[in-house]
Amino acid sequence: MSVLPSTKFVSTRAHGKRKSIFFFDAVFQGLAEDGGLFIPTEFVDLYPLIKSFPVEMSFLEMTTTLTQELFSEELSPLEAKKICTSAFNFEPTIKVLDDSIMLLELFNGPSYAFKDYGASYLASMMQMRLRNTRKKITILIATSGDTGSAVAQAFHLKKHINVVILYPSKRVSPLQEKQLTTVGDNVFALEVQGSFDDCQQLVKDAFLDDILRASFNLSSANSINIGRLIPQVFYYIYLWHTLMYNAKGKKGKSDWLFCTPSGNFGNLTAGLLAKNWGLPIKHIIAACNDNKVVPNYLKTGIFHPEPSKETLANAMDVGNPSNFERMLAMCKQQIVRRKQKTNLSFYEDQVKDVDIHREMNKILYGFSVNDTQIKLEINRVYKQHKEFICPHTAVGTSVARQTLQSNFAQANGYKKVVVLSTAHPGKFSEVIKGSCGKTPPIPECLQIVCDKPSRSYPIKPVLDSLAEKLDEFC
Ligand SMILES: *Cc1c(COP(=O)(O)O)cnc(C)c1O
């Protein structure tokens, strides 16, 4: 097997100053010192490796091999195997709706949403490194719902790590609150008397406080951590590989278009990474709810962040997606790499905004749907296929069907779409009942959660209150 050098990472704001760092350093740092986000420096070509994968390869085997290849200098093969085995006791499944639309179900993890992939992998990675250095850390995060429970589950009982989760009082759903407050052990849920923005501000203030940061070794596990994006790249590769072998004979060519329901655009950025790393996909559909700043950018070339609007697909209610900075930087990288093939003296500063806009439009097709369309779609899928889908997935399938009618699909010969299905319908039973009149089954583990005793600690939205709790727990 070919062993590539370890993939290194660089800040989106590095501007040609290539100060690249190893994966573990990027993971523990979270945000780059200049305030940018980490992206890979190099275009590793994983295609030869992907092509060599055997037909019957499990998700676990695939992630282990990919982890080993990507971080060859940082991890031994045995460590890579340990990380993936402890992270993934669940895997994606494919569900066929009809001849033209399929789902990649990503909600088989402990919190029943795709964020389990990122959180589990990050937790296992961190634990592996901490075991070697014997350091103790505190993960501090703010959540408006879903991220918190994925992180709580992922870090539960991980050695050397305490988790402190801040959530806004009375502003998460009752089920989400249960998921956050029933984990226990090394996971502490703080109920902040304020909004989600207050929670985020508290986390920021804590990280800016040198004494707090150093005393508790504060670390973040939020969605901008590159450690959460990498495992999401893996399921795009897994999906492609699986479809390829189902297509029999037409190896190396797939006529499936991928469609990703997006809010903060982490999941979609992972798709772009997969493409940069050699996965032969030409386009990805960015499916949005009424928060449509990215589809608007694709149309107009102007990125205009907005306050987030509340919709039925609430985990996608983001008016200023933080991964957009990564998407721009990656398009720029792509342009520079292409130009430098013929012109060695071409450098980053010569790339214009219009070039980046054009580049992004070459890869992404953006589309948005409103709440009415989400409800109609949930109803349609239930009536036609006897399947419940969550509102986020409904954004995806609704956009997918409309895309198949578009000039874009016609021009590119697309006839089939696979939609990333991001959450278990049982987590959104009210919306689903309101859309199709039927209540989806709630998974057993979620029911168990509802019966467990909750434990949360109310705090005021001020740093002193948080510091007091950190002192008490960590
Ligand atoms: C977080 C989330 C999304 C949006 O994913 P991004 O990576 O933020 O674009 C979509 N659906 C569900 C269920 C989510 O929890």
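Up top is the structure these notes are about.
Let me begin by describing the structure that accompanies this report.

What counts and what doesn't
- Residues numbered from 1 in each chain as written.
- Predicted model: local features only at pLDDT ≥ 70, side-chain atom pairs only at ≥ 80, totals over all residues.
- Heavy atoms only, no water.
- Helix = DSSP H or I, 4+ residues; strand = E, 2+ residues; numbered from the N terminus.
- Buried < 20%, exposed > 50% of the residue type's maximum accessible area, 1.4 Å probe, protein only.
- Areas by Shrake-Rupley, 256 points an atom, 1.4 Å probe, with all protein chains shown as cover.
- Lys, Arg positive; Asp, Glu negative; His and termini not counted.
- Charge placed at Lys NZ, Arg CZ, Asp CG, Glu CD.
- Near = heavy atom within 4 Å.
- Polar contact = N/O pair within 3.5 Å; in protein donor to acceptor, adjacent residues only side chain to side chain.
- Nonpolar A, V, L, I, M, F, W, Y, C, P; charged D, E, K, R; others polar.
- Salt bridge = Lys/Arg side-chain N within 4 Å of Asp/Glu carboxyl O.
- Pairing = 2+ DSSP bridges.
- Contact = heavy atoms within 4.5 Å.
- Axes fitted to C-alpha atoms, helices over the stretch in contact; angles between N-to-C directions.
- Expected span 1.5 Å × (residues − 1).
- Disulfide = S-S within 2.5 Å.
- Core = buried A, V, L, I, M, F, W, Y, C linked by side-chain atoms within 4.5 Å.
- Left-handed = near helix turned anticlockwise from the far one by under 90°.

**Section: the overall build of the protein**
So, step 1. The helix and strand inventory of the protein stands at 20 helices and 13 strands.
So, step 2. Overall, the protein is about 60 × 60 × 45 Å in size when its C-alpha atoms are taken along their principal axes.
So, step 3. Out of the 474 residues in the protein, the part that is buried amounts to 57%.
So, step 4. Counting every atom, the protein has about 20,500 Å² of accessible surface; 51% of that belongs to carbon and sulfur.
So, step 5. When the 55 positive and 46 negative side-chain charges of the protein are each reduced to one mean point, those points stand 6 Å apart.

**So, the site of the ligand**
So, step 1. In the vicinity of the ligand there are 14 residues, among which Lys115, Gly263, Asn264, Phe265 and Thr422 approach most closely.
So, step 2. Interatomic distance of 3.2 Å between a side-chain N/O atom of aspartate 146 and an oxygen atom of the ligand.
So, step 3. In this structure, a nitrogen atom belonging to the ligand sits 2.9 Å away from a side-chain N or O atom of threonine 422.
So, step 4. Contact with the protein chains covers 96% of the free accessible surface of the ligand, which is 380 Å².
So, step 5. Of the residues that constitute the shell around the ligand, the class distribution is five nonpolar, seven polar and two charged.

**Structural notes on the pattern of salt bridges**
So, step 1. This structure, assessed with the given rule, holds 15 salt bridges.
So, step 2. What you see here is one network of salt bridges that share partners, running through Lys95, Glu105 and Glu387.

**A closer look at the sheet that holds strand β8 (residues 218–219)**
So, step 1. With parallel pairing, five strands are arranged side by side in an open sheet as β8-β5-β6-β7-β13. Looking along the sheet, the strands with just one partner apiece sit at the ends: β8 and β13 (457–459).
So, step 2. Alignment of strand β6 (residues 161–168) against strand β7 (residues 187–192), held across six bridges, turns out to be parallel. What sits directly across from tyrosine 167, in β7, is glutamate 191.
So, step 3. Where helix α6 (residues 146–155) meets the sheet, it contacts β5 (137–142), β6 and β7, and its direction lies at approximately 165 degrees from that of β6.
So, step 4. In the packing of helix α7 (residues 174–181) onto the sheet, the strands contacted are β6 and β7, and the crossing angle to β6 comes to about 160 degrees.

**So, helix α16 (residues 391–404)**
So, step 1. Between its first and last C-alpha, α16 extends 20 Å over 14 residues, near the 20 Å set by a 1.5 Å rise per residue.
So, step 2. Pro391, His392, Thr393, Ala394, Val395, Gly396, Thr397, Ser398, Val399, Ala400 and Thr403 are the residues of α16 that are buried.

**A word on unusual backbone geometry**
So, step 1. With phi around 65 degrees, leucine 157 is a residue other than glycine that occupies positive phi space.
So, step 2. Secondary-structure assignment places leucine 157 in the loop between α6 and β6.
So, step 3. With relative accessibility at 58%, the residue leucine 157 sits in the exposed group.
So, step 4. In this structure, phenylalanine 265 is a non-glycine residue whose phi angle is positive, near 70 degrees.
So, step 5. When you line up the elements, phenylalanine 265 lands in the loop between β9 (256–261) and α11 (266–276).
So, step 6. For phenylalanine 265, a relative accessible area of 3% gives the class buried.

**What to know about the side chain of histidine 283**
So, step 1. Relative to the helices and strands, histidine 283 is located in the loop between α11 and β10 (284–288).
So, step 2. Among the polar contacts made by the side chain of histidine 283, one reaches the main-chain carbonyl oxygen of lysine 362 at a distance of 3.2 Å.
So, step 3. A distance of 2.9 Å separates the side chain of histidine 283 from the side chain of tyrosine 414, its partner in a polar contact.

**What to know about helix α10 (residues 226–246)**
So, step 1. When the terminal C-alpha atoms of α10 are compared, their 31 Å separation across 21 residues agrees well with the 30 Å that a helix rising 1.5 Å per residue should span.
So, step 2. You can read the cap of α10 off the contacts: a side-chain oxygen lies 2.8 Å from the backbone nitrogen of glycine 227, and it is on asparagine 225.

**Focus on the sheet that holds strand β12 (residues 416–421)**
So, step 1. Taken together, six strands build an open sheet; the order of strands is β3-β4-β12-β9-β10-β11 and the sheet is mixed. The open sheet has two edge strands, β3 (93–96) and β11 (364–368), and neither has a second partner. Along the sheet, successive strands turn relative to each other by an average axial angle of 25 degrees, direction set aside.
So, step 2. Pairing of β9 with β10, which is carried by four bridges, proceeds in the parallel orientation. Within β10, the residue paired with proline 261 across the bridge is alanine 287.
So, step 3. Strands β10 and β11 of the sheet are contacted by helix α14 (residues 353–363), whose axis makes an angle of about 80 degrees with β11.

**What to know about the environment of lysine 159**
So, step 1. Inspection of the secondary structure assignment puts lysine 159 in the loop between α6 and β6.
So, step 2. As a C-alpha pair, lysine 159 and glutamine 201 span 42 residues in sequence and 28 Å in three-dimensional space.

**Quick look at the environment of alanine 221**
So, step 1. Tracing the backbone shows alanine 221 in the loop between β8 and α10.
So, step 2. Along the primary structure alanine 221 and glutamate 91 are separated by 130 residues, whereas in three dimensions their C-alpha atoms are 21 Å apart.
So, step 3. Setting aside chain neighbours within four positions, we find alanine 221 in contact with Leu122, Ile139, Ile141, Val151, Phe155 and Arg228.

**Let's talk about the state of the cysteines**
So, step 1. Summed over the entire model, instances satisfying the criterion amount to zero disulfides.
So, step 2. Of the cysteine sulfurs around cysteine 259, a residue in no disulfide, the closest is that of cysteine 288, at 9.5 Å.
So, step 3. Accessibility expressed as a relative area gives 0% for cysteine 259, which makes it buried.
So, step 4. With no disulfide of its own, cysteine 331 lies 15 Å from the sulfur of cysteine 288, the closest cysteine sulfur.

**Describing the nonpolar core**
So, step 1. Tyr121, Ile139, Phe155 and Ile230 are the most contacted members of the largest nonpolar core, which has 106 residues in total.
So, step 2. When neighbours within four sequence positions are excluded, isoleucine 139 is seen to be in contact with Met126, Val151, Phe155, Ile161, Asn162, Val163, Val164, Ser219, Ser220 and Ala221.
So, step 3. In this structure, Ile101, Ile378, Ala409 and Val431 belong to the second largest nonpolar core, which totals 29 residues.

**Brief notes about the packing of helix α5 (residues 115–133) against α6**
So, step 1. Relative orientation of the contacting elements α5 and α6 amounts to 35 degrees, with a least axis distance of 8 Å. Seen from above, α5 lies across α6 with right-handed handedness. Residues Lys115, Asp116, Ala119, Ser120, Leu122, Ala123 and Met126 of α5 touch α6, and the partners they reach there are Thr147, Ala150, Val151, Ala154 and Phe155.
So, step 2. Considering only residue class, the contact of α5 with α6 consists of eight nonpolar, two polar and two charged.

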